[in-house]
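Here is how the chains run, residue by residue.
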Amino acid sequence: MKPAPDISVVMAVCNRARYVARAVDSILGQTCRNLELIAVDDGSTDASPQILADYAARDSRVRFHRRRHGGVSAARNAGIGLARGEFVAVMDDDDVALPARLEKQVVFLRENPDFASVSVRCETMDEDGAFIKVTKVRKERQEAGLPLAVLAREAVAVNQTTMFRRSALVAVGGYRSFFTVGEDYDLALRLAEKFGAACINETLYRHRQYAPRGGVNLMSSHAIAPFYCAAVFSAHCRRGGMADPVGEGVTPWDLAPAAGAALPAEIKEICIKNAATDARKLLQKPAPGALEKLLQFMDALAAGREEQRVRASTLRKILFYAVRRGRWWDAGRVVHELASPLRPPEVA
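About the criteria used
- Residues numbered from 1 in each chain as written.
- Predicted model: local features only at pLDDT ≥ 70, side-chain atom pairs only at ≥ 80, totals over all residues.
- Heavy atoms only, no water.
- Helix = DSSP H or I, 4+ residues; strand = E, 2+ residues; numbered from the N terminus.
- Rg over C-alpha atoms; globule rule 2.2 N^0.38 Å.
- Buried < 20%, exposed > 50% of the residue type's maximum accessible area, 1.4 Å probe, protein only.
- Contact = heavy atoms within 4.5 Å.
- Areas by Shrake-Rupley, 256 points an atom, 1.4 Å probe, with all protein chains shown as cover.
- Lys, Arg positive; Asp, Glu negative; His and termini not counted.
- Charge placed at Lys NZ, Arg CZ, Asp CG, Glu CD.
- 1 Å grid on protein atoms, 1.4 Å probe; cavity = no way out; pocket = protein on both sides within 12 Å on 5 of 7 lines; lining within 4 Å.
- Points joined across faces, edges and corners; volume = space filled by probe spheres on them.
- Nonpolar A, V, L, I, M, F, W, Y, C, P; charged D, E, K, R; others polar.
- Expected span 1.5 Å × (residues − 1).
- pLDDT = per-residue confidence, 0-100.
- Axes fitted to C-alpha atoms, helices over the stretch in contact; angles between N-to-C directions.
- Parallel < 35°, antiparallel > 145°, perpendicular 65-115°, else oblique.
- Left-handed = near helix turned anticlockwise from the far one by under 90°.
- Polar contact = N/O pair within 3.5 Å; in protein donor to acceptor, adjacent residues only side chain to side chain.

Draft legend 1. Just the overall build of the protein chain, in detail. A count of helical and extended segments in the protein chain gives 14 helices and 10 strands. Its C-alpha atoms give the protein chain a radius of gyration of 21 Å, near enough to 20 Å, the size a compact globule of 348 residues would have. The principal-axis extent of the C-alpha atoms belonging to the protein chain is close to 70 × 45 × 35 Å. Per-residue burial for the protein chain yields a buried fraction of 49% across its 348 residues. For the protein chain, the proportion of contacts with a sequence separation of at least 24, taken over those separated by at least 6, is 80%. Just so you have it, the protein chain exposes about 15800 Å², and 53% of that area is on carbon and sulfur atoms. Positive and negative side-chain charges of the protein chain, numbering 49 and 41 respectively, have mean locations separated by a distance of 2 Å.

Structure, rendered in C-alpha cells:
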C-alpha cells in the first residue's frame, strides 16, 4: 500500500478551464514532493473536468473527484474528507503557488505544535496575470484563546494561502456552507478558540482578482459585512455557552437584530464600517434591493449611542459613493436614512 503523503492540497474547482492547469502545475512543481492534490470539481460546465482527469491519468499524486455544484465550502469539505496527509493546504483553482510555499508552511507547523494553521503573504494579480499589489501582514502570530474583540480587528487571514493541521480541521468541523462568503473568517474564529494561527511574512502565493461583471449576484458575492457579523456573533454565542445561531433556514440578515442586541459596541462598529465597502461595490453594479438590505442591516446594529454615530459616518461615506457614481435614487435613499432617527440610544 502506498504510504500516506505529508500534505494534502485541496483545490475546489468550478469553471476555471482557462486557469486551472496553471494552478495544478504550481502545486506539482512544489519543492516539497511528498504531497497529493485532491481536485474536487464542483459541477463545472466547461472543460475543467477533462483537464483535471488528464492530470490524474498522468500523475499519481493527483486525485480527481466530481460532485454536483454545492459551493466552495462543500467542495473543500469533500476534499478534506478524502485527505490522507498530516497537513491540509487549500488552493484556489485560478491562483499560483510559488515553489517553496508548502515546504515553508510544513516547516513552520512542525516547529510550532501549538499552531493549527499558517498562511503566507500573497501577491494580487489581474485576470491576465499582471501585478496589482502585495498584501500587508498586520500580525504574524496569534496565540489561542484571544478575546473576540482582538480577533475582530486583527485576525490572521485564513484564506486560499493557508495550510492547516488536518486534525484541527476535523476537530472544528471544517468549513460551514452557511457562509457563501467569509467562510474562511468563520473557520478562523472557530480554530482560534483552541489553536494559534500565523502568517509567514513572505510572498509565496499569487491570487487572481477579477473586475466586476454585469449580472453578478452582488448580494451574495460582495455583501461581506453581514457574513462577517454573523461569524463574530456565532463566536460570541459559543464563547458565552449559548447555542450557535448559525444554521439551516436563517440568513446573516436574520441574525442582525440579535447581534445588535448582544455584541459589544466596538465589534458592532466594525461591522457597520464594513458596510461602506460593500456599498461601494454594490453601487458599481447595482442589484435590486441590495442597498436597501444593507441599510437595514446597519440599522439593526445601531442600538447604542456610539454605534449610531458610526452609522451616520458610514452613511455619509455611502452617500459620497452614490453621488460619485451618479446613483441619484440611491443617494436620496441614503439622505432619507441620515434624516431618519433610530430608536433612542442607550444611556451612556
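Draft legend 2. Highlighting empty space enclosed by the protein. Taken as a whole, this structure holds two cavities of 30 Å³ or more when the rule is applied. Together, Gln142, Glu143, Leu146, Leu151, Ala192, Phe195, Gly196 and Ala197 line the second largest cavity. Per-class residue counts for the lining of the second largest cavity are five nonpolar, two polar and one charged.

Draft legend 3. Representation of helix H12 (residues 290–301). When the terminal C-alpha atoms of H12 are compared, their 17 Å separation across 12 residues agrees well with the 16 Å that a helix rising 1.5 Å per residue should span. Of all 12 residues in H12, nine are buried, a share of seventy percent or more. Turning to H12, its buried residues are Ala290, Leu291, Leu294, Leu295, Phe297, Met298, Asp299, Ala300 and Leu301.

Draft legend 4. Here's a closer look at the confidence of the model for the protein chain. When the pLDDT values of the protein chain are averaged, the result is 90; 93% of them are 70 or greater. Scored below 50 in pLDDT, residues 214–221 makes 15 contacts in the model with residues more than four places away or belonging to other chains.

Draft legend 5. The arrangement of unusual backbone geometry in detail. The backbone of Asn15 shows a phi angle near 55°, a positive value even though the residue is not glycine. Within the element layout of this structure, Asn15 appears in the loop between strand E1 (7–13) and helix H1 (20–28). With relative accessibility at 32%, the residue Asn15 sits in the partly exposed group.

Draft legend 6. Just the environment of Arg66, in detail. On the secondary structure map, Arg66 appears in strand E3 (residues 62–67). As a C-alpha pair, Arg66 and Thr31 span 35 residues in sequence and 28 Å in three-dimensional space. Those residues in contact with Arg66 that lie beyond four places of it in its chain are Asp41, Ser44 and Pro49.

Draft legend 7. Structural view of the packing of H12 against helix H14 (residues 328–339). The geometry of H12 relative to H14 is characterised by a closest axis approach of 11 Å and an angle of 15° between their N-to-C directions. Considered as vectors, H12 and H14 are oriented roughly parallel to each other. The chirality of how H12 crosses H14 is right-handed. When H12 is examined against H14, the residues Leu291, Glu292, Leu295 and Asp299 are found in contact with a partner set consisting of Asp330, Arg333, Val334 and Glu337. Residue classes in the contact of H12 with H14 are distributed as three nonpolar, no polar and five charged.

Draft legend 8. Region of the structure containing the environment of Trp329. By the secondary structure assignment, Trp329 is in helix H14. Sequence separation between Trp329 and Glu269 is 60 residues, and the spatial gap between their C-alpha atoms is 26 Å.

Draft legend 9. Broad picture of the side chain of Ser44. Secondary-structure assignment places Ser44 in the loop between strand E2 (35–42) and helix H2 (48–58). Within the structure, Ser44 has its side chain in polar contact with the backbone nitrogen of Asn15 (distance 2.8 Å). Within the structure, the side chain of Ser44 is placed 2.6 Å from the side chain of Asp41, a separation counted as a polar contact. Ignoring any residue separated from it by four or fewer positions in sequence, one finds Ser44 in contact with Val13, Cys14, Asn15, Pro49 and Arg66.

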